[in-house]
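Single-letter residue listing:
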Amino acid sequence: MEGDDEFGEQVIIERASNWYPFSLQASVTGYRTTNAELANSGAVSDNYLRGLLSLDYTPLIKGNLFADIGFSEEMYRYRNLSDLDFDYQRAHAGLYYYVPDADNAIASFFENGFFFANYAWYRVADSLFGQDVFTNNSVVLGFQKAIAVQKGHQFYYGLSSDLSFSSSSQAFQRNEYRIYAGYSVMWTEDISTYASYTASCFDYEQAAQNDWNHVAEIGATCVAARPTIFGNEGEIYLQGSVNFTLNDSNIGTQDYEYFSWGGGVGFRTSF
């Protein structure tokens, strides 16, 4: 912009944006679960380790439209029940659209939220490069919105559908419909907490099975350090959570519930 004469001529050398298209995250967490085998009866407790590595790329296409591309690798290793060990890889590619502020009542219901649509692939295997257990291809559609309640307080909600069109096993192929809501609080720049609830319907295409899955969770995060990575500030953080899951199926033997709790350390940055 033009400056006052008393300060001389102001020249824009470079326009900078605070939007960074790449997001990188890695974490290692340990958990205790009261039902490692997701059994209907005779539940067995165990400890397990979860490792996560994810990279997402969300470049701006035009206006409020963004591309959305990502890949994640999750590793689960059990202390006693090692036969349950598995790896989970997921990749997606698609679009999301941010809804700007609006003046009319209908549009205001969606403002400051975003719609997303993408193709998703995931693989469950007995190890990173091990034998496939299950693979799936699907179309994911959804909407999510966050509402600022007061400084540092935020309520969010969303819904999504994960529609499978190809899988390695028709017996396990299913469509997933999900609604969720949560409340998060930034107590300080480094300490935050959240509480969330997710309800999912699992509709198996080739089996006479329909499940309602309920997950309630509370958690906390504390940023321990902010190192500079790739020229931008990253975060090394400590995290902990408590989770209760209830699966209510029309097939009684598929009903189960469990508590899990634990914590760990992670790193995240954008560039």
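Residues numbered from 1 in each chain as written. Predicted model: local features only at pLDDT ≥ 70, side-chain atom pairs only at ≥ 80, totals over all residues. Heavy atoms only, no water.

### A word on the side chain of Ser161
Put simply, the test is: Counting from the N terminus, the helices are DSSP H or I runs at least four residues long and the strands are E runs at least two residues long. Relative accessibility decides the category of a residue: with a 1.4 Å probe and only protein chains considered, values under 20% of the type maximum give buried, values over 50% give exposed, and everything between is partly exposed. Between two residues, a contact is recorded if the distance between any of their heavy atoms is within 4.5 Å.
Turning to its location among the elements, Ser161 is positioned in strand 8 (residues 153–167). In this structure Ser161 comes out as buried when scored by relative accessible area, which is 15%. Those residues in contact with Ser161 that lie beyond four places of it in its chain are Val139, Val140, Leu141, Glu176 and Tyr177.

### Looking at the pattern of salt bridges
Inclusion rule: We count a salt bridge whenever a side-chain nitrogen from Lys or Arg sits within 4 Å of a carboxyl oxygen from Asp or Glu.
By the definition in use, this model includes 10 salt bridges. The salt bridge partner of Glu235 is Arg226, with a shortest N-O separation of 2.8 Å. Here Glu235 and Arg268 are joined by a salt bridge, their closest N and O atoms 2.9 Å apart. With Glu235 in strand 14 (residues 235–249) and Arg268 in strand 15 (residues 256–270), this pair connects stretches of sequence that are 33 residues apart. It is possible to trace a salt-bridge network through shared partners that takes in Asp190, Arg226, Glu233, Glu235 and Arg268.

### Some points on the packing of aromatic side chains
Quick note on the threshold: Note on aromatic contacts: the rings of Phe and Tyr and the six-membered ring of Trp form a pair at centre separations within 6.5 Å, being stacked when their planes are under 30 degrees apart, edge-to-face when over 60 apart, and tilted otherwise. Ring-over charges, as used throughout, are those where CZ of Arg or NZ of Lys falls within 6 Å of the ring centre and within 35 degrees of the ring normal.
This model, assessed by the stated rule, comprises 19 aromatic pairs. Here the aromatic rings of Tyr76 and Phe86 are separated by 4.6 Å at their centres, their planes lie at 15°, and the arrangement is stacked. Residue Tyr76 is located in strand 4 (residues 65–78), and its partner Phe86 is located in strand 5 (residues 86–98); the two are separated by 10 residues in the primary sequence. Accessibility expressed as a relative area gives 24% for Phe86, which makes it partly exposed. Taking the centre distance of 6.3 Å and the plane angle of 40° together, the rings of Tyr119 and Phe165 count as tilted. Separated by 46 residues along the polypeptide, Tyr119 in strand 6 (residues 113–125) and Phe165 in strand 8 bring together distant segments of the chain. What makes Tyr119 partly exposed here is its relative accessible area of 37%. Across from the ring centre of Phe202, 3.8 Å away, lies the NZ or CZ of Arg174, which sits over that ring. Arg268 extends its terminal NZ or CZ atom over the ring of Tyr237, reaching a point 4.3 Å from the ring centre.

### Here we look at the layout of surface pockets
Heads up, the rule is: In this analysis, the protein atoms alone were mapped onto a 1 Å grid. Cavities are point sets where a 1.4 Å probe fits without being able to get out; pockets are open sets with protein on both sides within 12 Å along at least five of seven lines; lining residues have an atom within 4 Å of a point. Grid points are joined across faces, edges and corners, and a volume is the space filled by probe spheres set on the points. Three residue categories are used. Nonpolar comprises Ala, Val, Leu, Ile, Met, Phe, Trp, Tyr, Cys and Pro, charged comprises Asp, Glu, Lys and Arg, and polar comprises the others, including Gly.
The volume enclosed by the second largest pocket comes to roughly 230 Å³. Ser23, Leu24, Gln25, Ser54, Asp56, Thr58, Arg268, Thr269 and Ser270 together form the lining of the second largest pocket. Each residue belonging to the lining of the second largest pocket can be placed in one class, and the counts come to 1 nonpolar, 6 polar and 2 charged.

### Some points on unusual backbone geometry
Its identity as a non-glycine residue notwithstanding, Leu38 has a phi of 50°, on the positive side. Structurally, Leu38 can be placed in the loop between strand 1 (22–33) and strand 2 (46–57). The phi dihedral of Asn112 is positive, around 65°, even though this residue is not glycine. If you trace the backbone, Asn112 turns up in the loop between helix 1 (105–108) and strand 6.

### Focus on the environment of His214
Our working definition: Polar contacts, as used here, are pairs of N or O atoms within 3.5 Å; protein pairs need one atom able to donate a hydrogen and one able to accept it. Residues neighboring in sequence count only if both atoms are side-chain atoms.
With respect to the secondary-structure elements, His214 resides in strand 11 (residues 210–225). We classify His214 as partly exposed; its relative accessible area is 25%. Spatially, the C-alpha atom of His214 lies 7.4 Å from that of Tyr197, the residues being 17 residues apart in sequence. The contact partners of His214, leaving out residues within four places of it in the chain, are Tyr197, Thr198, Ala199, Phe244, Thr245 and Leu246. In terms of polar contacts, His214 uses its side chain to reach the side chain of Tyr197, at 2.7 Å.

### Topic: the pairing of strand 8
For clarity, the threshold we go by: Here, a strand pair is defined by DSSP locating no fewer than two bridges between the strands.
Pairing between strand 7 (residues 132–150) and strand 8: 14 bridges, direction antiparallel. What sits directly across from Asn136, in strand 8, is Ser167. Joining the antiparallel neighbours strand 7 and strand 8 is a turn of 2 residues, in which Gly152 adopts a positive phi near 85°. As paired strands, strand 8 and strand 9 (residues 174–186) are joined by 10 bridges and run antiparallel to one another.

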